[in-house]
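# Chain and residue survey
Below, each chain spelled out in residue letters.
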Amino acid sequence: MRPPISGLRPLALENACWQCTTRALLRHHRAQTRFFSKPSVPRASAVAIPPNQPFRAGYFLSNTLLARANGTSSTPPGGGAPGPPSSSGPELLPHRRRQALRRAAAGASNPEAPTSTLPPDASSLLAATAARAPPSSLRRTLSSLLSLSKPRLTVLVVLSAMVPYALYPVPSFLSPTALEAVPSLSPLTLLFLTFGTTLCSAAANALNMLYEPDTDAKMTRTRTRPLVRRLLTTRSAVLFAVGCGAVGTLALFYGVNSTVAFLGATNIALYAGAYTPLKRISAVNTWVGAVVGGIPPLMGWAAAAGESATGDGTWRELLFAGDGSSWGGWLFAGLLFAWQFPHFMPLSWGIREEYKAAGLRMLCWVNPARNARVALRYSLAFIPLCVGLCAVGVTEWSFAVTSAPVNFWLIKEAVKFWRHEGHKGSAKGLFWASVWHLPVVMVLALAQKKGMWGRVWRSVMGEPEEEEDGEWEDDEEVV
């Protein structure tokens, strides 16, 4: 039913009903008579209605939400403009416009704030804390030095060395004779392993920052690091790196064994002397960095093998034992080596333009298709690696079953990343899958160590160990 009053009827629109006209008049009347209330901001797509004036012809066609629902244009007949255009675009929803305004305001108030979608790393956060401290304070110095060590990366390195140490197969673990004999896994050795690995990782990371402050200044996630912001002098950073490297290597040599100390020193040389310079030369740097990530598990395995070595305890016995007992360490090294690719490839893809502008040759912009293929290829390697840990006697066979869901989840996200080459949110999905994948696999392996629960049960119930029965029989035969 059309409105009977000709003054209220649209001039060029003949399909306006009485109900729509009444609602519009009531809303206009309430807006004028509402007391003690905050006036609402009119929507960008709506047309203002001056008082005592008839509706415009395009009033009922200016709603962009209805236009999107009907699949039509919001422009009224005759080419008239539906209303003032939004600064963020007519298709942007109101809450999206508010978020964009907040981001713009935050960027204007803090020009040094990172604009990348990735969160700032721990070094940048610690550098920001140091910048707020007084110039000559101890807090400023300690925060800056801690920032040089890249704390999150160092924690990951240390944990990747501790897990293989704990998973090394020790026959006397939790057995009744463990109190009588010398323990095979010494807490003191673990302490030296943790301390030395931490310092070696801190030295490598500090040397990395010393080598590339110019490229760090060009990337949003690293532009607030301490050497870029001149919170520390170059001399102080060099002394910190050399001191950490020397003390860490000596701690591993005297507290663990010479093989672990050699691996720790090799990791510093590879990370600071090979991986960091190669970032400007070739995309092969990613593979070198993956080798660096695979060495800490070997350090943990060699540390545990040295505690129970029966021969001369050289690197051949600890890393290449003739009885096959070294396979577990190499499988853990392969697991950490393979994990670097599904983790770093989507991470670098999100900031590929920054890597390109900084002159760092990463596969994410040099060859995006190969970048996705590499991530998928190494994601498939986790299934045989987990099965291999069961086959060599490091974990129970149940580990192959319980680790399958998280492995298939990683493969699923890697397939999406490969199909879309990082677009449609596939890079973010693979990145977070890799973040959760490694700790879940490590915890599952620790919980299903070969024979652990059987020995726990026999220790609690007081049952004799199977190895002990054989020893008693041998003793009776000798007597």
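Every chain begins its residue count from 1, and numbering advances along the sequence as written. Reporting of local features is limited, given that this is a predicted model, to residues whose pLDDT is at least 70; pairs of side-chain atoms are given and counted only at 80 or more, and all residues count toward the totals for whole chains, interfaces and linings. The side-chain numbers reported here are obtained from all heavy atoms of the structure, hydrogens and water having been left aside.

So, on to helix 16 (residues 368-379). With 12 residues, helix 16 extends 17 Å from end C-alpha to end C-alpha; this agrees with the ideal 16 Å at 1.5 Å per step. Should any heavy atoms of two residues lie within 4.5 Å, those residues are considered in contact. Strands here are runs of E lasting at least two residues and helices are runs of H or I lasting at least four, both read from the DSSP assignment and numbered beginning at the N terminus. Considering only its buried residues, helix 16 is in contact with helix 11 (285-307), helix 13 (327-349), helix 15 (363-366), helix 17 (382-391), helix 19 (404-420) and helix 20 (426-447). To estimate how far a helix should extend, the number of its residues minus one is multiplied by 1.5 Å.

Turning next to the side chain of threonine 395. Following the sequence through the fold, threonine 395 ends up in the loop between helix 17 and helix 18 (398-402). Residue classification places threonine 395 among the buried residues on the basis of a relative accessible area of 0%. Sequence-distant contacts of threonine 395, defined by excluding residues within four places in its chain, comprise Leu389, Cys390, Ala445, Gln448, Lys449 and Lys450. Relative accessibility decides the category of a residue: with a 1.4 Å probe and only protein chains considered, values under 20% of the type maximum give buried, values over 50% give exposed, and everything between is partly exposed.

So, on to the pattern of salt bridges. By definition, a salt bridge exists where a carboxyl oxygen of Asp or Glu is found within 4 Å of a side-chain nitrogen of Lys or Arg. Tallying each qualifying case throughout the model produces 4 salt bridges. Glutamate 212 is the salt-bridge partner of lysine 279, the closest N and O atoms lying 3.1 Å from each other. Remark: glutamate 212 occurs in the loop between helix 7 (187-211) and helix 8 (213-216) and lysine 279 occurs in the loop between helix 10 (258-278) and helix 11; sequence separation between them is 67 residues. What makes glutamate 212 buried here is its relative accessible area of 2%. Close ionic contact of lysine 450 with glutamate 396 constitutes a salt bridge, the shortest N to O distance being 3.9 Å. Here lysine 450 is found in the loop between helix 20 and helix 21 (452-461), whereas its partner glutamate 396 is found in the loop between helix 17 and helix 18, with 54 residues between them in sequence. Lysine 450 gets classed as partly exposed once you look at its relative accessible area, which sits at 38%. We classify glutamate 396 as partly exposed; its relative accessible area is 26%.

When pLDDT is low, close inspection of the predicted coordinates is not appropriate. Across the chain, each position has a pLDDT score giving the predictor's confidence in that residue, from 0 to 100. Model confidence for the protein is summarised by a mean pLDDT of 79, while 72% of its residues fall at 70 or above. Counting contacts from residues 64-90, a segment whose pLDDT is below 50, to residues more than four positions away or on other chains yields 28 contacts. The low-confidence segment residues 109-116, where pLDDT is below 50, has 10 contacts with residues more than four positions distant or belonging to other chains.

Here a Phe, Tyr or Trp ring, Trp counted by its six-membered ring, pairs with any other such ring whose centre lies within 6.5 Å, and the pair is stacked when the planes are under 30 degrees apart, edge-to-face when over 60, and tilted otherwise. Enumeration over the complete set of coordinates arrives at 11 aromatic pairs. A centroid spacing of 5.3 Å and a plane angle of 25 degrees characterise the contact between tyrosine 271 and tyrosine 275, whose relative ring orientation is stacked. Here tyrosine 271 and its partner tyrosine 275 are both found in helix 10, 4 residues apart, which amounts to about one turn of the helix. Accessibility assignment for this pair places tyrosine 271 and tyrosine 275 in one class, buried.

Here a polar contact is taken to be a pair of N or O atoms separated by no more than 3.5 Å, where protein atoms must pair a possible hydrogen donor with a possible acceptor and residues adjacent in sequence count only if both atoms sit in side chains. A distance of 3.3 Å separates a polar atom in the side chain of glutamate 212 from a polar atom in the side chain of asparagine 208. When near neighbours in sequence (up to four residues on either side) are disregarded, glutamate 212 contacts Thr276, Lys279 and Arg280.

The next point concerns the packing of helix 9 (residues 234-255) against helix 10. The interhelical angle for the contact between helix 9 and helix 10, taken along N-to-C directions, is 155 degrees, at an axis separation of 7 Å. Relative to helix 10, helix 9 is oriented roughly antiparallel. Here Gly245, Thr249, Leu252 and Phe253 of helix 9 come into contact with helix 10, specifically with Ser258, Val260, Ala261, Gly264, Ala265 and Ile268. Under the scheme applied here, ten amino acids are nonpolar (Ala, Val, Leu, Ile, Met, Phe, Trp, Tyr, Cys and Pro), four are charged (Asp, Glu, Lys and Arg), and all others, including Gly, are polar. Of the residues in the contact of helix 9 with helix 10, the class split is 6 nonpolar, 4 polar and no charged. Structural elements are reduced to axes, namely lines fitted to C-alpha atoms, with helices fitted over the stretch in contact, and the angle between N-to-C directions of any two is expressed from 0 to 180 degrees. Between 65 and 115 degrees an angle is taken as roughly perpendicular, under 35 as roughly parallel, over 145 as roughly antiparallel, and anywhere else as oblique.

To continue, consider unusual backbone geometry. One non-glycine residue, lysine 150, lies in positive phi territory at about 50 degrees. Although it is not a glycine, glutamate 421 sits at a positive phi angle of roughly 55 degrees. Examined against the element boundaries, glutamate 421 turns out to sit in the loop between helix 19 and helix 20.

Across its 23 residues, helix 13 extends 34 Å between first and last C-alpha, which sits within 8% of the 33 Å expected from 1.5 Å per residue. Counting buried positions over the 23 residues of helix 13 gives 18, a clear majority of the element.

Before going further, it helps to examine the state of the cysteines. Cysteine sulfur atoms that pair up within 2.5 Å are treated as a disulfide. This model, assessed by the stated rule, comprises 0 disulfides. Note on cysteine 200: no disulfide assigned, nearest cysteine sulfur contributed by cysteine 244 at a separation of 9.1 Å. Cysteine 390 carries a free sulfur, and the closest cysteine sulfur to it, the one in cysteine 386, is 7.4 Å from it. According to the relative accessible area criterion, cysteine 390 is buried, its value standing at 3%.

Taken together, Trp315, Phe320, Trp327, Trp330 and Val392 make up a surface patch of nonpolar side chains, about 560 Å² in accessible area. By relative accessible area, valine 392 is classed as partly exposed at 36%. Excluding any residue in a salt bridge, patches collect residues exceeding 30% relative accessible area, merging like charges within 9 Å and nonpolar Val, Leu, Ile, Met, Phe, Trp and Tyr side chains within 5 Å. All accessibility values rest on the Shrake-Rupley procedure with a 1.4 Å probe; residue burial counts only the protein chains present in the view.

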